Amino acid sequence: MEVLYSSTRNGEKKVTASQAILQGLSEDGGLFVPDHIPALECSMKELAGKTYQEIAYQVMKLFLTDFTEEELKNCIDRAYDSKFDTEVIAPLVEAEGTYYLELFHGATIAFKDMALSILPHLMITSAKKNHVDNEIVILTATSGDTGKAALAGFAGVEGTKIIVFYPKNGVSPIQEKQMVTQKGDNTFVVGIHGNFDDAQTGVKQLFNDRELAQQMADAGLQFSSANSINIGRLVPQVVYYVYAYAKLLDEGKIADGEPINVVVPTGNFGNILAAYYAKNMGVPINRLICASNENKVLYDFFVSGKYDRNREFMLTSSPSMDILISSNLERLIYRIAGNDAGKNAEFMAALSRDGSYQITEEMKEKLDDFYGNYASEEETAQRIKSMYENTGYVLDTHTAVASAVYQKYTADTGDQTKTVIASTASPFKFTRSVMNAIDPKYNEMSDFELVDELSKIANVEVPGAIEEIRTAPVLHDNVCDKAEMKAVVKRFLGIHA
Ligand SMILES: *Cc1c(COP(=O)(O)O)cnc(C)c1O
């Protein structure tokens, strides 16, 4: 059955999956949502034993119904290949009786690779299907992780160019090094004098600049977005929850039909929403446990039904979850409002006007699938240390937030359901925080000494992504002021008008 997509803020206009991917965000500011969530066609028993790529096809074909089998399989094969350092793509590791789904074996060792390795292929396929001959120019502002994952995904992909702006003094040294050493003739990386908000605002202005759009069209170019609200990033994330269940079943860890819990360290709400979609497709998932760091907007929301971003922004050791507006939550709000775009649009208007909104009791009842909690900086560090001491397994800071929240959940509820924790980054990406949590004595070492020490104590090889940047030459040394962003983009694109 065909799945069409409409905006969370206006249900009238329907587009195909490929159109939604090309467009990214709807003109009214809403997010594209499927008109229904398709049910899996194969039983879990049939999926058990299948490869990641095979399961990816079984899941994605149900959402991306205007892609042919050949197109979709081609995208999948190009994405989930030797860029990943393990053939299984997303290994499940058992520790303390819980299963850690390692989503960090891709090019940039964080879970964003799971979707950003396939998005470029979905996008050029979508362009072809819709007879768009223009070259696609991906324009992104990043606070660190997304930029590198998008660069790695789009580098060398024919028919695309990618431009990434990052705050020159606002990312970690490892993150900056990862970006400025990026290879590929179609990649451009620019540091700006300003913070992440400046970069983001500048990028939004460029997207809305009509004069620039016309000049680009004349040169055979058009902008698109690799932002996490693109449906082309959400759908590939549903896959690994189906895969995890099938794998547990295949290994005899669970019985057919036995429910599992899923814990997700959450920022923009994309990853946990994918788990919710998997549940709605028929994967036997019991509770969806939403883990926050000290920016606990979502925890407060699940407790009170009030979403309130009016609070202090906390900088934590899990920076990819430092977020006060979880964009993808809008897709859940739309759903619990009974797929009512008008009602959802009112909540979102209140959010931008007052910074808050309160859902109704009736809507709140539909959130029973979710449990929210958070971990403080202290609890997160403690969790890294105790896990290491109990098992020798080293968690990154984001995964440690999830693990700490899971402990609170079992203490709160006594629920013994088998549980999968989404492990969203390699500890090698946040080496200093991780090593300091294990022992403060490590604070004296340099970044790369810490990398080698972590490799030794965890008995894990240094990932290629880190090994590469140790000696890689800097290929991008562009820095500009906020006001110069447009000129810089035009220069990169060879637009002289
Ligand atoms: C982006 C990110 C998250 C948050 O994921 P959302 O889909 O935004 O909720 C968690 N951990 C890591 C390491 C990330 O990069």
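Up top you'll find the structure we're talking about.
Treat the numbers as computed from the prediction; the structure is a model and nothing was measured.

Undergrad: I'm lost on empty space enclosed by the protein in this one. Help?
TA: To find leftover empty space, one rolls a probe the size of a water molecule over the atoms. Inspection of every chain in the model, using the stated rule, returns two cavities of 30 Å³ or more. Roughly 60 Å³ of internal volume is contained in the largest cavity. If you go around the largest cavity, the residues you meet are Lys83, Phe84, Gly106, Ala107, Asp113, Leu116, Ser117, Ala149, Ala152 and Gly153. Residue assignment for the lining of the largest cavity shows that the elements contributing at least two residues are helix 5 (112-116) and helix 7 (145-154). Here the lining of the largest cavity is built from residues that sort into five nonpolar, three polar and two charged. When its volume is computed, the second largest cavity comes out at roughly 30 Å³. Forming the walls of the second largest cavity are Thr266, Gly267, Ser292, Asn295, Val297, Leu298, Met321, Ile323 and Ser326.

Undergrad: Honestly, the site of the ligand in this entry has me stumped. Any pointers?
TA: Taken together, 15 residues surround the ligand, and among them Lys112, Gly267, Asn268, Asn271 and Thr424 come closest. In the model, an oxygen atom of the ligand is placed 3.4 Å from a nitrogen or oxygen of the aspartate 145 side chain. Interatomic distance of 2.8 Å between a side-chain N/O atom of threonine 424 and a nitrogen atom of the ligand. Taking 390 Å² as the accessible area of the ligand by itself, protein coverage stands at 96%. Its residues assigned to classes, the shell around the ligand comprises five nonpolar, eight polar and two charged.

Undergrad: Can you help me understand the sheet that holds strand 4 (residues 92-95) in this one?
TA: Consider a sheet: its strands pair through backbone hydrogen bonds, and that pairing is either parallel or antiparallel. Read from one edge of the open sheet, six strands run 4-5-15-10-11-14, paired in mixed fashion. Looking at strand neighbours, the two that pair on one side only are strand 4 and strand 14 (370-374), the edges of this open sheet. Between one strand and the next, the sheet's axes are offset by a mean angle of 25°, whatever the strand orientation. The sheet contact formed by strand 10 (residues 260-265) and strand 15 (residues 419-423) spans three bridges and is parallel. For asparagine 261, the partnering residue across the bridge sits in strand 15 and is threonine 419. Packing against the sheet, helix 11 (residues 231-250) makes contact with strand 4, strand 5 (98-102), strand 10 and strand 15, and its axis sits at approximately 140° to strand 10.

Undergrad: Can you help me understand the layout of surface pockets in this one?
TA: Size it by volume and the second largest pocket reaches roughly 590 Å³. Lining of the second largest pocket is provided by 27 residues; of these, Ala107, Lys148, Ala152, Gln182 and Glu468 occupy positions nearest its centre. Elements with a minimum of two residues in the lining of the second largest pocket: helix 7 and helix 21 (464-471). Sort the elements by how many residues they give to the lining of the second largest pocket and helix 21 lands first, with four residues. Of the residues in the lining of the second largest pocket, the class split is 12 nonpolar, nine polar and six charged.

Undergrad: Is there a simple way to think about the packing of helix 14 (residues 329-336) against helix 15 (residues 341-354) in this case?
TA: When two helices pack together, their arrangement is given by the angle between their axes and by how far apart the axes lie. In the contact formed by helix 14 and helix 15, the axes pass within 8 Å of each other and the chain directions differ by 135°. Looking at the two axes, helix 14 sits oblique to helix 15. With respect to the hand of their crossing, helix 14 and helix 15 are arranged in right-handed fashion. Between helix 14, through Glu330, Ile333 and Tyr334, and helix 15, the contact on the second element is made entirely by Ala341, Asn344, Phe347 and Met348. Classifying every residue of the contact of helix 14 with helix 15 by side-chain character gives five nonpolar, one polar and one charged.

Undergrad: Got a minute to help me understand the pairing of strand 15 in this structure?
TA: Within strand 15, five of the five residues are buried, which leaves the element mostly enclosed by the surrounding structure. Across four bridges, strand 5 lies against strand 15 in parallel orientation. Paired with leucine 101 across the bridge in strand 15 is alanine 422.

Undergrad: Is there a simple way to think about the nonpolar core in this case?
TA: In summary, soluble globular proteins display a tendency toward joint burial of nonpolar side chains. Counting residues in each nonpolar core, the largest one holds 112 residues, and the members touching the most others are Tyr5, Leu64, Phe269, Ile333 and Tyr357. At 14 residues, helix 11 tops the list of elements feeding residues into this core. Among all residues touching leucine 64, those that are not within four sequence positions of it are Tyr5, Ala17, Ile21, Leu72, Leu122 and Val235. One finds Ile174, Val405, Met435 and Ile469 within the second-largest nonpolar core, a separate group that totals 38 residues.

Undergrad: Would you mind going over helix 15 with me for this structure?
TA: For the α-helix, the turn length of 3.6 residues means that residues three or four positions removed from each other point alike. For helix 15, built from 14 residues, the straight-helix expectation of 20 Å at 1.5 Å per residue is met to within 8% by its first-to-last C-alpha distance of 20 Å. Every buried residue belonging to helix 15 is among Ala341, Asn344, Phe347, Met348, Ala350 and Leu351, and all of these are buried. Residue aspartate 340 occupies the N-cap position of helix 15, its side-chain oxygen lying 3.1 Å from the main-chain nitrogen of glycine 342. One or two steps after helix 15, the chain reaches glycine 355, where phi turns positive at roughly 80°.

Undergrad: Would you mind showing me how to read the packing of aromatic side chains here?
TA: Think of a pair of aromatic rings as described by two things: how far the centres are apart, and how the planes are tilted against each other in angle. Within this structure, the stated rule accounts for 19 aromatic pairs. Measuring from ring centre to ring centre gives 5.2 Å for tyrosine 299 and tyrosine 374, while their planes differ by 50°; the resulting arrangement is tilted. Placement of the pair is tyrosine 299 in helix 13 (residues 297-304) and tyrosine 374 in strand 14, with a sequence separation of 75 residues. Among the residues examined, tyrosine 299 registers a relative accessible area of 23% and is labelled partly exposed. Under the relative-accessibility criterion, tyrosine 374 is labelled partly exposed at 24%. Seen from their ring centres, tyrosine 307 and tyrosine 357 are 5.6 Å apart, and the 10° between their planes marks the pair as stacked. With tyrosine 307 in strand 12 (residues 306-308) and tyrosine 357 in strand 13 (residues 356-358), this residue pair connects regions lying 50 residues apart in the sequence. Among the aromatic residues, those joined into a ring-pair cluster are Phe269, Tyr276, Phe301, Phe302, Tyr307, Phe347, Tyr357 and Phe370. Across from the ring centre of phenylalanine 67, 5.6 Å away, lies the NZ or CZ of lysine 129, which sits over that ring.

Conventions we followed
- Residues numbered from 1 in each chain as written.
- Predicted model: local features only at pLDDT ≥ 70, side-chain atom pairs only at ≥ 80, totals over all residues.
- Heavy atoms only, no water.
- 1 Å grid on protein atoms, 1.4 Å probe; cavity = no way out; pocket = protein on both sides within 12 Å on 5 of 7 lines; lining within 4 Å.
- Points joined across faces, edges and corners; volume = space filled by probe spheres on them.
- Helix = DSSP H or I, 4+ residues; strand = E, 2+ residues; numbered from the N terminus.
- Nonpolar A, V, L, I, M, F, W, Y, C, P; charged D, E, K, R; others polar.
- Near = heavy atom within 4 Å.
- Polar contact = N/O pair within 3.5 Å; in protein donor to acceptor, adjacent residues only side chain to side chain.
- Areas by Shrake-Rupley, 256 points an atom, 1.4 Å probe, with all protein chains shown as cover.
- Pairing = 2+ DSSP bridges.
- Axes fitted to C-alpha atoms, helices over the stretch in contact; angles between N-to-C directions.
- Contact = heavy atoms within 4.5 Å.
- Parallel < 35°, antiparallel > 145°, perpendicular 65-115°, else oblique.
- Left-handed = near helix turned anticlockwise from the far one by under 90°.
- Buried < 20%, exposed > 50% of the residue type's maximum accessible area, 1.4 Å probe, protein only.
- Core = buried A, V, L, I, M, F, W, Y, C linked by side-chain atoms within 4.5 Å.
- Expected span 1.5 Å × (residues − 1).
- Phe/Tyr/Trp six-rings, centres within 6.5 Å; stacked < 30°, edge-to-face > 60°.
- Lys NZ or Arg CZ within 6 Å of the ring centre and 35° of its normal.

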